[in-house]
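Summary of structural features
Chain by chain, the residues run as shown.
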Amino acid sequence: MKSFITRFKWLLSVLLLGVAVNSFALTLNIGASTTDTRITLQRAQTFDMNVSGVNGTLSVTNSNASAITLTKISSTTTTAVYRLTGISTGVSNIAFKDKTGTVTTYLKVPLVQGTLDGRQLASNCFQCHGTNATGGVGKLTGMTRYEIYYKLAEMAKSSEYTSNIMKAHARGFTDSQMQMLAAYISQVR
Amino acid sequence: MNRRKFILAAAKAGLALSIPGIPMVSKAAGVNYDVIIVGGGMAGATIAKYLRIWSNYTLKVALIEKDTNYTSNIMSNEVLTGKRTVSSLGYAYTNLINKYGIYRIQATVSQINTASQTITYGATTLSYGALVLATGLEFDLWPGLTNVSQYDTAIPHAWKAGPQTTLLRNQLVAMTAGAGNNVVITIPKAPYRCPPGPYERACVIADWLRLNKPGSKVIVLDENPQVMAEKDNFMNAFSGAYGYTVDYRPGVTITNVSASPKNVTYTRPVGDATETVVVNAAVLNPIPPQRAPKLLSDAGLLNGGKFAPVDPVSFESMMEDNVYIIGDACNAGSIPKAGHIANQEAKTCASAILLNLTGYGETLALSPVLNSACYTPVTSTLATWLSAVYQYNGTSYVMQASHNGGAAIAAGSATTENYSKMTKWFGALMADTFS
C-alpha cells in the first residue's frame, strides 16, 4: 500500500509550487509585487518579461545562463522589457532588483520537450485535428498562437454551443489554458 | 558519471536527446522495458505512440496484446444495421511497430508482480520501469446464465466488437418480422463502457427494424433510473421523432436472463408494490454488468471495487507505485468509460510517466484537462453528439465536467451534417490512436 505522500505527490507539487505559467508576456511590478513567479520554457521558446514600477537603477541577475538567456529589448526610467529564451535543460533564477526590492522569477527548461501543461492541454485537440494538430478534421498548425487563442476564445463565448461541437468544447477550457494550448500548437513540430 | 548525469550533461552541451540506444531513464535502469503496456485498445495504442513521440523516441516501450488486430467498438453498432462490416473496423499494430518503434508482444499476461516490478506471460517474465494496464473490461454473467460462452454462441452482448457483433447482426437478419417478435436489449447499472452506446444501439436497430422487419420493435430494459447520456435526444428518438419508437423501461432490476427460450425477467416498483415481468425476445442482446479483469484484481489494484482506483492527474494506481491504469478498467471518478477520452487519458498518463521516469515530476505542476467527445447515430442518416471537458478540482482531488454547470453538452438536434462529421471524427480519432 502506498504512503499518503506517494499517492498525492502530484497534488503536493501543485500546492507547493503553484501552477506553471506560460502566458504570452508577464508584467512584474517591482514596487507592488511580492509574489515570485515560476515559468516553464522549452528549448528555443521565447518569453517577454515586462517589468514596471522600476524605482531607480534596475539590476538583473541570471543564475544559469546556460539554461536561459536574457536580453533587454527596451527600457524607460520606470519600465523594461526583457526577452527570455530557453537554451538547454536546467533551472535558473532571474532576479529583478531596484531600490524598492527584488522580484525573483524561477525558470525551468524541462528535459521532456514541450511545456508540459501546454502539451497535455493541446493534446486534447489531436483526436480530431490530428497528431500535433497537423490534419484530421482540419489542421491547426501554421496558425499563430494569437490566431488559435482568439478563435478559441471567441467560440467559448458563443451562445450557439449546442449546434457546434467546438463551441461546446471551447467552453470547457479556462482562458489561460486556451493561451497555453495555443502557444504549444503554434510551435509544435 | 551515471547514465542520468550523462544525459543531463549531454543536454546542457546542447546535444540532441534522440540519440538511438541511449534511454533517458534513470529510475528504470536495468529493466527489460522502460514501460510495459498491457492491452492494445484505444488507451493502450495511444499511450504506446505518445510515449515514443514525447520521449524523442528514447523510451523502450513494449505493447502486450493477445489479438492480432484491434476491432473498434466505436461505430460497431453500424455493423448491426449492415452499414459497416466488422473487418472495416479492424486496426493493425503495423504503424506502432514500424513508424513509432514499439516492441509488440502477442501474448496473454497471466500475472503482475508489483513488488518485483515484473509481469509474466507463458514462461516469460519481464521487468518494467512503469507498467500501464489498458486491459479493458471483463463481462459478468447476468443472473440465470451459467457460462460466458452463452454470450458467444446464443445471446451475444456484442459489447466488445468482433465475432459477437457478427452473430448479433446475423440473428437480426434471420429474425421473423412481426408483432411480438422483438429485440430485447438490457443495460446494466452504470458505470459501463460507453454511456450513450446502448441507447444508440436501440435507436439504430429500431430504425433498421422499421424498414426491414415491420411490426417488430426494440424493448430496452435499463437498470439505471434514466437514460445515462444525451437524455433529451434519446427520449426524443424513442418517442417517435425519427419514424420509429422504442419501448423504454428504466429503473428495472434484472433477476433472470434465459438463453433458451430467450427471455428476461425483471422486477420494478409500481406504487407500493413490485411488479415481476417476463419479456420474451426474438433476438436477445443482454449487455452485461462489467468490471476490470481478474488480472488487476489478483494484483491487488481494485481495493475491493469493480475498477482500479487511480489519481486522475496521472492515472497512477492509488494502490501500487509505478503502475498506471487507463481506459475502461480504471476508476477515475466521473470520467466516462469511452474510446475518445481513453485516448486523452493515455496522453495524460504518458506525460506523468515521462516526468516520473525522468525525475522532473516533482518540480512541475500538472493540471490536466480531459475531453470527451462522441458522435451518435440515431438513424442511418442522422446523428447527434456529446461533448464534455473535465477539469481537475484540486480541493476534492477529482475530475469534474467543467462547462455547462458541470454537465456534458449534447447536440441540439440530430442532423445529416452531424452524421457526415461523425465519419470524419471517427477517422481522425482512429488515426491519432493507431496511425
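Check the entry above for the structure.
Residues numbered from 1 in each chain as written. Chains lettered and ligands numbered in written order. Predicted model: local features only at pLDDT ≥ 70, side-chain atom pairs only at ≥ 80, totals over all residues. Heavy atoms only, no water.

This next bit is on the overall build of chain A. Regarding its fold elements, chain A presents 7 helices and 8 strands. Out of the 189 residues belonging to chain A, those deemed buried represent 52%. Counting contacts in chain A only where the partners sit at least 6 residues apart, residues at least 24 apart contribute 57% of the total. Within the structure as shown, chain A displays about 8400 Å² of accessible surface, and the carbon and sulfur contribution to it stands at 55%. (Helix = DSSP H or I, 4+ residues; strand = E, 2+ residues; numbered from the N terminus. Buried < 20%, exposed > 50% of the residue type's maximum accessible area, 1.4 Å probe, protein only. Contact = heavy atoms within 4.5 Å. Areas by Shrake-Rupley, 256 points an atom, 1.4 Å probe, with all protein chains shown as cover.)

All names here are of chain B. Its place among the elements puts T267 in strand β14 (residues 262–270). By relative accessible area, T267 is classed as buried at 19%. Setting aside residues up to four positions removed in sequence, T267 forms contacts with G251, V252, T253, T255, T274, E275 and T276.

All names here are of chain A. Between helix α5 (residues 145–157) and helix α7 (residues 175–187), the least distance of the axes is 8 Å, while the angle of their chain directions is 145°. Note on packing geometry: the crossing formed by α5 with α7 is right-handed. Residue-level inspection shows R145, I148, Y149, L152, A153 and A156 of α5 in contact with α7, the latter providing D175, M178, Q179, L181, A182, A183, I185 and S186. Split into classes, the residues belonging to the contact of α5 with α7 amount to 10 nonpolar, 2 polar and 2 charged. (Axes fitted to C-alpha atoms, helices over the stretch in contact; angles between N-to-C directions. Left-handed = near helix turned anticlockwise from the far one by under 90°. Nonpolar A, V, L, I, M, F, W, Y, C, P; charged D, E, K, R; others polar.)

Moving on, we get to the pattern of salt bridges. Residues and elements named next belong to chain B. Under the defined criterion, the tally for this structure stands at 11 salt bridges over all chains. One salt bridge connects E78 with R84, and the closest N-O pair in it is separated by 2.9 Å. You can call E78 buried: its relative accessible area is 3%. Residue E275 pairs with R268 through a salt bridge whose shortest N-O separation is 3.3 Å. Assessed through its relative accessible area of 26%, E275 is described here as partly exposed. (Salt bridge = Lys/Arg side-chain N within 4 Å of Asp/Glu carboxyl O.)

The next subject is the packing of helix α6 (residues 163–174) of chain B against helix α7 (residues 197–212) of chain B. Residues and elements named next belong to chain B. Where α6 contacts α7, the two axes come as close as 12 Å, and the packing angle between them is 30°. Note on packing geometry: the crossing formed by α6 with α7 is right-handed. Within the contact between the two elements, α6 uses L168, R169, L172 and V173 and α7 uses R201, I205 and W208. Residue classes in the contact of α6 with α7 are distributed as 5 nonpolar, no polar and 2 charged.

Looking now at the packing of aromatic side chains. Residue and element names in this part refer to chain A. What the rule picks out here adds up to 14 aromatic pairs over all chains. Aromatic pair Y82 and F96: ring centres 5.7 Å apart, planes at 65°, arrangement edge-to-face. Residue Y82 is found in strand β6 (residues 80–86), and its partner F96 is found in strand β7 (residues 90–97); the two are separated by 14 residues along the sequence. Each of the two residues, Y82 as well as F96, counts as buried. (Phe/Tyr/Trp six-rings, centres within 6.5 Å; stacked < 30°, edge-to-face > 60°.)

With that out of the way, let us pick up the sheet that holds strand β11 (residues 218–222) of chain B. All names here are of chain B. Reading across from one edge, β12-β11-β10-β16 is the order of the 4 strands in this open sheet, with parallel pairing throughout. Across the chains shown, the open sheet's two edge strands, defined by having one partner strand only, are β12 (246–249) and β16 (283–286). Here the strands of the sheet are splayed against their neighbours by 15° on average, with no regard to which way each runs. As paired strands, strand β10 (residues 183–187) and β11 are joined by 5 bridges and run parallel to one another. Following the sheet pairing, I187 is matched in β11 by D222. In the packing of α7 onto the sheet, contacts are made with β10, β11, β12 and β16, and the angle to β10 comes to roughly 175°. (Pairing = 2+ DSSP bridges.)

Compared with an ideal rise of 1.5 Å per residue, which puts 13 residues at 18 Å, α7(A) spans 19 Å between its outermost C-alpha atoms and is within 8% of the ideal. All of the buried residues along α7(A) are Q177(A), M178(A), Q179(A), M180(A), L181(A), A182(A), A183(A), Y184(A) and I185(A). (Expected span 1.5 Å × (residues − 1).)

Moving on, we come to unusual backbone geometry. Residues and elements named next belong to chain B. Each neighbour pair has its own omega, and for A190 with P191 the value is 5°, a cis peptide bond. For P191, the location among the structural elements is in the loop between β10 and α7. Of note, the amide linkage connecting S260 to P261 takes the cis form, showing an omega dihedral of -10°. Counting through the fold element by element, P261 comes out in the loop between β13 (253–259) and β14. Phi is positive for N56, which is not a glycine, with a value near 55°. Along the polypeptide, N56 turns up in the loop between α2 (42–54) and β2 (61–64). A residue is classified by how much of its surface remains accessible, and N56, at 23% relative accessible area, is partly exposed.

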